[in-house]
Protein chains: 2
Amino acid sequence: MNFDYVLAKVKTLSKKKVAIAAAQDSAVLECVKACKEQDIADVVLVGDQAKIEAIAKEIGLDLTGTEIIDEPDMIEASLKAVKLAHDGDVDMYMKGLVDTKNFLKSVLNKEVGLRTGGALSHVSVFEVPGFDRLLFLTDVAFMTYPTLEDKVHIINNTIPVCRACGVEVPKVAPVAAVEVVNPKMQVTIEAAELTRMNEEGEITGCIIDGPLSLDLAIDPEAAKHKGATNRRIQGDADVILFPDIHAGNLVYKTLVHTTQSKNGCILTGTKVPVILTSRSDTFETKLNSIALAAVVAEELQQGK
Amino acid sequence: MNFDYVLAKVKTLSKKKVAIAAAQDSAVLECVKACKEQDIADVVLVGDQAKIEAIAKEIGLDLTGTEIIDEPDMIEASLKAVKLAHDGDVDMYMKGLVDTKNFLKSVLNKEVGLRTGGALSHVSVFEVPGFDRLLFLTDVAFMTYPTLEDKVHIINNTIPVCRACGVEVPKVAPVAAVEVVNPKMQVTIEAAELTRMNEEGEITGCIIDGPLSLDLAIDPEAAKHKGATNRRIQGDADVILFPDIHAGNLVYKTLVHTTQSKNGCILTGTKVPVILTSRSDTFETKLNSIALAAVVAEELQQGK
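Here's what I pulled together on the structure shown here.

The rules behind the values
- The residue count restarts for each chain, going from 1 along the sequence in the order it is written.
- Working convention: letters from A go to chains and numbers from 1 go to ligands, in the order in which they are written.
- Reporting in this predicted model follows two pLDDT cut-offs: at least 70 for local features of residues, and 80 or more for side-chain atom pairs to be given and counted; totals over whole chains, interfaces and linings ignore these cut-offs and use all residues.
- As a rule here, side-chain values come from all non-hydrogen atoms in the structure, and water together with hydrogens is ignored.
- For every residue, the accessible area obtained with a 1.4 Å probe (protein chains only) is divided by the maximum for its type, and the residue is called buried under 20%, exposed over 50%, and partly exposed between those limits.
- In this text, helices come from DSSP runs of H or I with a minimum length of four residues, and strands from runs of E with a minimum of two, each type numbered from the N-terminal end.
- Each pair of strands is called paired provided DSSP finds at least two bridges between the two strands.
- Each copy is superposed on the other by least squares, with the fit set by C-alpha atoms of residues at a pLDDT of at least 70 in both.
- Only heavy atoms enter the contact rule, under which two residues are in contact if any of them lie within 4.5 Å.
- Pairing of aromatic rings covers Phe, Tyr and Trp, the last through its six-membered ring, and needs centres within 6.5 Å; plane angles under 30 degrees mean stacked, over 60 mean edge-to-face, and all others mean tilted.

Moving on, we get to the pairing of strand β5 (residues 121–127) of chain A. All names here are of chain A. Most of β5 is tucked away: seven of the seven residues are buried. Burial along β5 is two-sided: Ser121, Val123, Val125 and Glu127 and His122, Ser124 and Phe126, pointing in opposite directions, are all buried. One ladder, built from seven bridges, connects β5 with strand β10 (residues 262–268); its direction is antiparallel. Of the residues in β10, the one forming a bridge with Glu127 is Lys262.

Written as structure tokens, this is what we have:
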């Protein structure tokens, strides 16, 4: 599985629609143009219509037939856009020019937002050269210091993302510096507890095995070399569950800045997938994130 | 700077000598053979002489003129080997077949060990494809949850390693998921404090700037893109100081298992450099570690 699979799958689905909060941003509208050209998604642009039209003209984006809701105020625009997702009028919700803090406020808004009761989490999906499968990294950007309970939410949030990408029963590796429980390392105790919960049927739809060091999680050769033949994960993990945001974010940025990986990411645990790309993400990453959100939206709709 | 620089530098120095604890191990003796052939270091083999000679014969290692101290007991062998380093008879100390726990006990032994008063730490030196310089990762293997005081020791332990590799005034980035102080993230507070200590002359011989996200630490383009023009590190960090062993080890293994990097590592803060390679390290990594230890030994001897 890779991003070509995700992009190809999107085209087999009923067309998904994304509402964009404060769409008057050239990088965002470049994505909209590509989404139209490559048939990835339909859009509802919520924001400053005059500015949207001016940028569209500049970048050669034809807005004929595109739904635009004119709302120059960025906070109001985010609330109007998120309500479309809340009401089921669109399938995904995406950040435009509105700042992250106010965008997240709209996601968490009690009346028109996208909470489902559980915790929200972020998943970053990577296609790493040399790997025959996608890796699902969580949480590298949103939840700072997850508790055991949070980690259960993170896993449950991530499973539909894996399924949407063709991984029916993902292997989840709660990783740490070591592969054995060390009473002085809380993260290893929690990893073992997650494993027990999975074995006893309290967490389903996946195979959890932890604590694992990263080599045992992702490198079958290393697993063989270290004699890890009795483990349920032997270098073939799909989901890498990090101890905290620092470990996750540092690994995420190591992959981005030292390998030729492709990636896309979404916020999950919400009523519909949320696309919260960063200013520094490449155009390809943003497009991958929208495609990822579209297949996850389908998965969530089918799962209901 | 890269490992070719380190390997070339070794040959310009007076020949360094390494004592090996329980040397009756084929992987270790393969390294000894390469050290002799490539003129990297002299050795004192402490261990089971009969076994050492048998393995040497098998791998074609000529032991003529090689000092061997016959001690079949592995713990005794480690104590005899570390004493050679303690007494100044050798320049480096290396683990052979003795297990890590007992090897470290010998390093920490109060009578014949290598403590200097400060904390010990591990530094892993990376040559990453696409980078014009070596990266010094610390601590990815030894110190689990460093306090602020420990981090000062880690930095002071790492500076001579950088100097030995040709980096006179290393740039030290205490990294985290974010590049600003967040009162809810202790690691960012400590990073800012280390920066203040450096600015006010309490930590010298380096330039510290933190907290930094990894992109701002290692990618000049990202630093430019994010407008970090007022920072003392703008994508040009030498030392990556990790929040804890989990973050460090996960990044270390990401580099090992997803990039074509070269690396070598030593334990520092000791009287002489300690080589503690892992069973799963490649032959090249082990050899790089010995070469690294040799240039660091010279640096420590010159610094006295």
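Having seen the model, we can carry on.
Attention now moves to the relation of the copies chain B and chain A. For these two chains of identical sequence, chain B goes onto chain A by a turn of 180° and a shift of 0.0 Å along the axis, with RMSD 0.0 Å. Here the two chains are linked by the operation of a two-fold rotation axis. Of the C-alpha atoms belonging to chain B, the one lying closest to the rotation axis is found on B:Ala247, 2.0 Å away. Taken as a fraction of all interface residues of chain B, those also at the interface in chain A reach 100%, which identifies the copy contact as same-surface.

Next up on the list: the packing of aromatic side chains. Aromatic rings in a pair are described by how distant their centres are and how their planes are angled relative to each other. What the rule picks out here adds up to four aromatic pairs over all chains. On the basis of an interplanar angle of 80° and a centroid distance of 5.7 Å, the ring pair of A:Phe126 and A:Tyr252 is categorised as edge-to-face. Of the two residues, A:Phe126 sits in strand β5 while A:Tyr252 sits in helix α10 (residues 245–258), which places them 126 residues apart along the sequence. We classify A:Tyr252 as buried; its relative accessible area is 11%. Summarising the aromatic geometry, the rings of B:Tyr93 and B:Phe103 are spaced 4.7 Å apart at their centres and angled 25° between planes, so their arrangement reads as stacked. A residue pair is termed long-range when its members are at least 10 positions apart, and B:Tyr93 in strand β4 (residues 92–95) and B:Phe103 in helix α5 (residues 100–108) qualify at 10 residues. For B:Phe103, a relative accessible area of 0% puts it in the buried group.

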